[in-house]
Amino acid sequence: MQAELKAIVAEVQEKATGIHSRAEFEAYKATVVGPKGSLTEIMKGMGAIPKEDKPAMGKLINEAKTAVQAVFDTVLERLETAELAARLGPAIDPSLPAPDLPRGTLHPIAQVREEMVALFRRIGFSVAEATEVETEHYCFDALNIPADHPARDMQDSYYLPEALKVGNVSQLADEKYLLRTHTSTVQIRTMLAEQPPIRIVAPGRCFRRDTPDATHSANFHQIEGLYVDRDVTLLDLKATLDHFVKTIFGPKAKTRLRPSFFPFTEPSFEMDFYSPDLGKLSNKWLEIMGCGMVDPEVFKAVGIDPELYTGYAFGMGIERIAMILQGVDDIRYYYQNDVRFLRQFA
Ligand code: PHE
């Protein structure tokens, strides 16, 4: 009998590891301790055992029962843990970063803006900013833009109704307010606030009443540059822009200045560049910005003596640069927030 008990305990220990569900467990348990179980049968046989052997046998049976019960307890605990885990899903460690959460990236326009700003900072420019809602004074008059200039027309710019006047209204109560049509407003605000030497770039959003198409958007971005000091010359402008183009588009890029006109610069230029490494756009002159020497009329408007100081200014569309750099052929992609587009610039 002792050997049988040992065999039962050994069998239970061995079989236990192969049990993976409660149903399996209950069925197996019944074959051991159920009404017809192997251990139950042995207990039933106690009656036939001589009286003097009973205490010893009883002890052995109890030991076997305890051993078997211990195995069953372990199995049950293992099954319960597994059931709980199945209900809760995979273990969570709240101290770890969330898995699979796609990381956002800077918008492609912001990426190009940052690249441009970083470049200008390295050569001594600091960043200036101003409001997007502007008065006609800062947007046009102070920049020597005459009253009959088309940008001043209601059809070309976004004017704000009286009721929407915001911000610094009190100073210029009879001013007309509009969304700035260019970042050149920041030239004026900076020169009013600071004395030369001034060397700033002003990235920012601008607005024009353009009908959207592949190259026009009513909402777009520019970066403005302004350098005012004694003896600033056209050579300084050309060298700076040359450096800009070669840094952004590669050392093989070449630049040229073409005579042009802006009311706030004299002389004025359009700057073109070409590069042999631009894919479809290789070796074509591409116009990328307006620039020139600050017009003395602008200096007068901000109280800087044009006899003492000279300066240059430039302004360009960030989208234009981004489209060339990123090979994007429709400006509207930048504003549709389609992640399939945006992810390409991650
Ligand atoms: N403000 C001009 C534009 O929007 C660009 C420019 C800036 C030209 C500075 C000359 C100097 O077209």
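Reading the values: rules and limits
- Residues numbered from 1 in each chain as written.
- Predicted model: local features only at pLDDT ≥ 70, side-chain atom pairs only at ≥ 80, totals over all residues.
- Heavy atoms only, no water.
- 1 Å grid on protein atoms, 1.4 Å probe; cavity = no way out; pocket = protein on both sides within 12 Å on 5 of 7 lines; lining within 4 Å.
- Points joined across faces, edges and corners; volume = space filled by probe spheres on them.
- Helix = DSSP H or I, 4+ residues; strand = E, 2+ residues; numbered from the N terminus.
- Nonpolar A, V, L, I, M, F, W, Y, C, P; charged D, E, K, R; others polar.
- Axes fitted to C-alpha atoms, helices over the stretch in contact; angles between N-to-C directions.
- Parallel < 35°, antiparallel > 145°, perpendicular 65-115°, else oblique.
- Contact = heavy atoms within 4.5 Å.
- Domains from an automatic or database assignment.
- Disulfide = S-S within 2.5 Å.
- Buried < 20%, exposed > 50% of the residue type's maximum accessible area, 1.4 Å probe, protein only.
- Expected span 1.5 Å × (residues − 1).
- Pairing = 2+ DSSP bridges.

### Quick word on the layout of surface pockets
Rolling a probe over the atoms, with the probe sized like a water molecule, indicates the empty space that remains. In this model, the largest pocket occupies a volume close to 1,300 Å³. What lines the largest pocket is a set of 48 residues, and nearest its centre among them are Arg 208, Gln 222, Met 316, Gly 317 and Arg 320. Among the elements that make up the lining of the largest pocket, the one with the highest residue count is strand 8 (residues 286–294) (seven residues). The class makeup of the residues in the lining of the largest pocket is 21 nonpolar, 17 polar and ten charged. Its boundaries defined by the atoms lining it, the second largest pocket holds a volume of some 200 Å³. Within the residue set of the lining of the second largest pocket, elements represented by two or more residues are helix 5 (108–122), strand 4 (198–207) and strand 5 (219–229).

### Considering the packing of helix 8 (residues 234–249) against helix 10 (residues 318–326)
Where helix 8 meets helix 10, the closest approach of the two axes is 11 Å, and the angle between their N-to-C directions is 40°. The pairing of helix 8 with helix 10 is recorded here as oblique in orientation. Contacts between helix 8 and helix 10 involve Phe 244, Ile 248 and Phe 249 from the former and Ile 321, Ile 324 and Leu 325 from the latter. Classifying every residue of the contact of helix 8 with helix 10 gives six nonpolar, no polar and no charged.

### A short note on the domain arrangement of the protein
Domain annotation for the protein reports domain 1 (2–88) and domain 2 (108–345). Between the C-alpha centres of domain 1 and domain 2 the distance comes to 86 Å.

### Thoughts on the state of the cysteines
Using the criterion set out here, one finds zero disulfides in the structure. Note on Cys 139: no disulfide assigned, nearest cysteine sulfur contributed by Cys 206 at a separation of 8.5 Å. A relative accessible area of 0% places Cys 139 in the buried class. A residue is classified by how much of its surface remains accessible, and Cys 206, at 0% relative accessible area, is buried.

### With respect to helix 8
For helix 8, which comprises 16 residues, the first-to-last C-alpha distance of 22 Å matches the rise-based estimate of 22 Å (1.5 Å per residue) to within 8%. Of the residues making up helix 8, those classed as buried are Leu 237, Thr 240, Leu 241, Asp 242, Phe 244, Val 245, Ile 248 and Phe 249. The inward-facing, buried residues of helix 8 abut helix 5, strand 6 (254–262), strand 7 (265–274), strand 8, strand 9 (310–317) and helix 10. Within two residues after helix 8, Gly 250 carries a phi angle of roughly 105°, on the positive side.

### Let's talk about the sheet that holds strand 9
The seven strands lie next to each other as 1-4-5-9-8-7-6, forming an open sheet whose pairing is mixed. Strands with a single pairing partner mark the edges of an open sheet, and in this sheet they are strand 1 (126–127) and strand 6. In the sheet, strand 8 pairs with strand 9 via four bridges, with the strands oriented antiparallel. In the sheet register, Cys 291 faces strand 9, and the bridge partner there is Phe 314.

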